[in-house]
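Commentary on secondary and tertiary structure
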Amino acid sequence: MQLKPFLLDMWLDAYEHDIEFNLAASEGPRWTLNEILSLASEEERQRFLNHKLGYSRPAGAEGLRAAIADMQDVNVDSVQVVTGASEALVILMWMAAEPGANVVLPQPGYPPFSALPESLRIETRYYALRKENDFRIDLDEIKQLVDRNTKLILVNSPHNPTGGTISDAELNSLHEFTASRAIQLISDEVYHPIYHGQTTRSASRLPHATVIHDFSKAFPLAGVRTGWMIEHDPKRREFYWNARTIFSISNNTAGEMLAEIAMRHRNIVLGKTQETATRNLRHLASFMSEHRETIGWIPPRGGTTTFPWLVSGENSRAFCQAAAEQGILLAPGDCWDAPSHFRLGFAAMTDKFPGALDRLGEFVKSWSATNMTEA
């Protein structure tokens, strides 16, 4: 069993810890421990500071599950807490790993989407999110990839890295299709509910859909390493629970308590992400208009990332490498098998974002001038 290199995290780890302007970050503005605790009551703060560092329950702390169920408008029994959406993906791909099985995934997509099934020797089939189609899904293309050995179809909305979204009508149609064929429909919603225009509803409303979400993106608290699954099928929940006890036993109790505070005050936490993303996206739109001869883009409809491309069509890695040398971190598109593209995150920084775009603009002009001279 082999895992292919995680090129995205290799790139980020090489640069993000010392970079001046991190425009590769995919989450919202980060919170400190003190800021999260300031949202809590005195009783909650004392409970956090004095709780015993033992095991949590495999399904997750009862208070956290109840808070998640309230957000997702589901019964608490439908909530399985996991160690981030990453563990949810491991569990789901492990469940799909039967002889001859195949899974249907987005391209481009978060790299572990494909790395996990490939490592388990599951056939991977891809539907494309194309810039020519504004990074929208093609339902007919997805349906044509399916056969009797298809175990799951995964969608990601808002989508990383493009910022594309799936409409309620599209998701309803896909749900009807998968339910009629006993194919598991998985909706990765780690950027929900951050939208820039038409909002869409969570797939948790659909009886045969599985939702994965976490506290790393829209809830920008990656350090708590906590996520969740919404599952209406009791037999699948039994599998998740058992897999969870084998893989990680439980979350850390401190992380769950912080996650519960954030969830119970989600209007504030999500509101900060939405406000920052909305404000910075306006700056980014002006930037992209100014540099449209060098950089193409499709404005994101949701989430905190966008997936521009070099109009020249060249591989963006050299562009991103040179930008990093100027203190600006972008993520090269070859991390998603889309070499001319690059990912730009626009919600992690607050006050420094305009300055980051100014620096990036200077770099783009110098890059364009150099390329014109060489040509």
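These lines cover the structure that appears in this document, whether it is placed above or below.

**A short note on the side chain of S340**
Following the sequence through the fold, S340 ends up in the loop between strand 13 (331-332) and strand 14 (342-345). The class of S340 is buried, set by a relative accessible area of 17%. Beyond its immediate chain neighbours, meaning those up to four positions away, S340 contacts P308, W309, L310, G313, E314 and S316.

**Remarks on the nonpolar core**
Formed by 92 residues in total, the largest nonpolar core has its most connected members in F215, L284, F319 and L360. When sequence neighbours within four positions are dropped, the list of residues in contact with L284 reads W297, T306, L344, F346, F353 and L357. Counting residues in each nonpolar core, the second largest holds 21 residues, with V82, L92, L116 and L120 among its members.

**Details of helix 11 (residues 266-290)**
With 25 residues, helix 11 extends 36 Å between its outermost C-alpha atoms, agreeing within 8% with the 36 Å of an ideal straight helix rising 1.5 Å per residue. All buried positions along helix 11 are accounted for by R266, V269, L270, T273, T276, A277, N280, L281, L284, F287 and M288.

**Re the sheet that holds strand 10 (residues 305-306)**
Strand order in this open sheet of three strands is 10-14-13, and the pairing throughout is antiparallel. The sheet is open, and its two edges are formed by strand 10 and strand 13, each paired on a single side. Note: strand 10 against strand 14, two bridges, orientation antiparallel. Across the sheet, T305 pairs through a bridge with G345, a residue of strand 14.

**So, a nonpolar patch on the surface**
Together, W94, F239, I246 and F247 line one region of the surface with nonpolar side chains, adding up to about 410 Å² of accessible area. A residue is classified by how much of its surface remains accessible, and W94, at 46% relative accessible area, is partly exposed.

**Description of the pairing of strand 4 (residues 123-128)**
Judged from the six bridges that link them, strand 3 (residues 102-107) and strand 4 form a sheet pairing that is parallel. The partner of L105 across the bridge, within strand 4, is Y126.

**Some words on the sheet that holds strand 7 (residues 209-214)**
Taken together, the seven strands give an open sheet; going across it, the order is 2-8-7-6-5-3-4, and neighbouring strands pair in mixed fashion. Edge positions in the sheet fall to strand 2 (79-82) and strand 4, since each of these pairs with one other strand and no more. Going from strand to strand, the sheet's axes swing by 25° on average, the running direction of each strand aside. Both strand 3 and strand 5 (residues 150-156) contribute to a ladder of three bridges, which runs parallel. Bridging across to strand 5, N102 finds its partner in T150. Its contacts with the sheet put helix 8 (residues 168-180) on strand 5, strand 6 (184-188) and strand 7, and the angle it makes with strand 5 is roughly 170°.

**Let's talk about the environment of E27**
Among the secondary structure elements, E27 is positioned in the loop between strand 1 (21-22) and helix 2 (33-38). Between the C-alpha atom of E27 and that of M71, which follows or precedes it by 44 residues, the distance is 20 Å. If we ignore the near neighbours within four places in the chain, the residues touching E27 are S216, K217, P220, T304, A347 and A348. At 2.6 Å, the side chain of E27 and the side chain of R30 are in polar contact.

**A closer look at the packing of helix 5 (residues 84-96) against helix 9 (residues 234-247)**
As a packed pair, helix 5 and helix 9 sit with axes 10 Å apart at the nearest point and diverge in direction by 115°. Once helix 5 is placed against helix 9, the crossing between them reads as right-handed. Of helix 9, the residues touching helix 5 (which contributes E87, V90, I91, L92, W94 and M95) are R236, F239, Y240, A243, R244 and F247. Looking at the contact of helix 5 with helix 9 residue by residue, the class counts come to nine nonpolar, no polar and three charged.

**Some words on the packing of aromatic side chains**
Within the structure shown, the criterion is met by twelve aromatic pairs. Ring centres of F307 and W336 lie 5.5 Å apart, and the angle between their planes is 75°; on these two criteria the pair is classed as edge-to-face. Residue F307 is located in the loop between strand 10 and strand 11 (309-310), and its partner W336 is located in the loop between strand 13 and strand 14; the two are separated by 29 residues in the primary sequence. For the pair F307 and W336, a shared accessibility class is recorded, and that class is buried. Aromatic rings pair up to connect F319, F342, F363 and W367 into one cluster.

**Concerning the pattern of salt bridges**
On inspection of all chains with the given rule, the structure shows 17 salt bridges. R125 is paired through a salt bridge with D147; the nearest N and O atoms lie 2.9 Å apart. In this pair, R125 is assigned in strand 4 and D147 in the loop between helix 7 (139-144) and strand 5, connecting sequence segments 22 residues apart. Residues participating in the shared-partner salt-bridge network are E123, R125 and D147.

**What about the side chain of T150?**
Within the secondary structure, T150 is located in strand 5. Here N102 takes part through its side chain, which lies 2.7 Å from a polar atom of the side chain of T150. From its side chain, T150 meets the backbone nitrogen of D147 in a polar contact 3.0 Å long. With near-sequence residues (within four places) excluded, T150 lies in contact with N102, V104, R125, L145 and I183.

About the thresholds
- Residues numbered from 1 in each chain as written.
- Predicted model: local features only at pLDDT ≥ 70, side-chain atom pairs only at ≥ 80, totals over all residues.
- Heavy atoms only, no water.
- Helix = DSSP H or I, 4+ residues; strand = E, 2+ residues; numbered from the N terminus.
- Buried < 20%, exposed > 50% of the residue type's maximum accessible area, 1.4 Å probe, protein only.
- Contact = heavy atoms within 4.5 Å.
- Core = buried A, V, L, I, M, F, W, Y, C linked by side-chain atoms within 4.5 Å.
- Expected span 1.5 Å × (residues − 1).
- Pairing = 2+ DSSP bridges.
- Patch = residues over 30% accessible without salt bridge, like charges linked within 9 Å, V, L, I, M, F, W, Y side chains within 5 Å.
- Areas by Shrake-Rupley, 256 points an atom, 1.4 Å probe, with all protein chains shown as cover.
- Salt bridge = Lys/Arg side-chain N within 4 Å of Asp/Glu carboxyl O.
- Axes fitted to C-alpha atoms, helices over the stretch in contact; angles between N-to-C directions.
- Polar contact = N/O pair within 3.5 Å; in protein donor to acceptor, adjacent residues only side chain to side chain.
- Left-handed = near helix turned anticlockwise from the far one by under 90°.
- Nonpolar A, V, L, I, M, F, W, Y, C, P; charged D, E, K, R; others polar.
- Phe/Tyr/Trp six-rings, centres within 6.5 Å; stacked < 30°, edge-to-face > 60°.

Take it as geometry only, folks, not as evidence of what the structure does.
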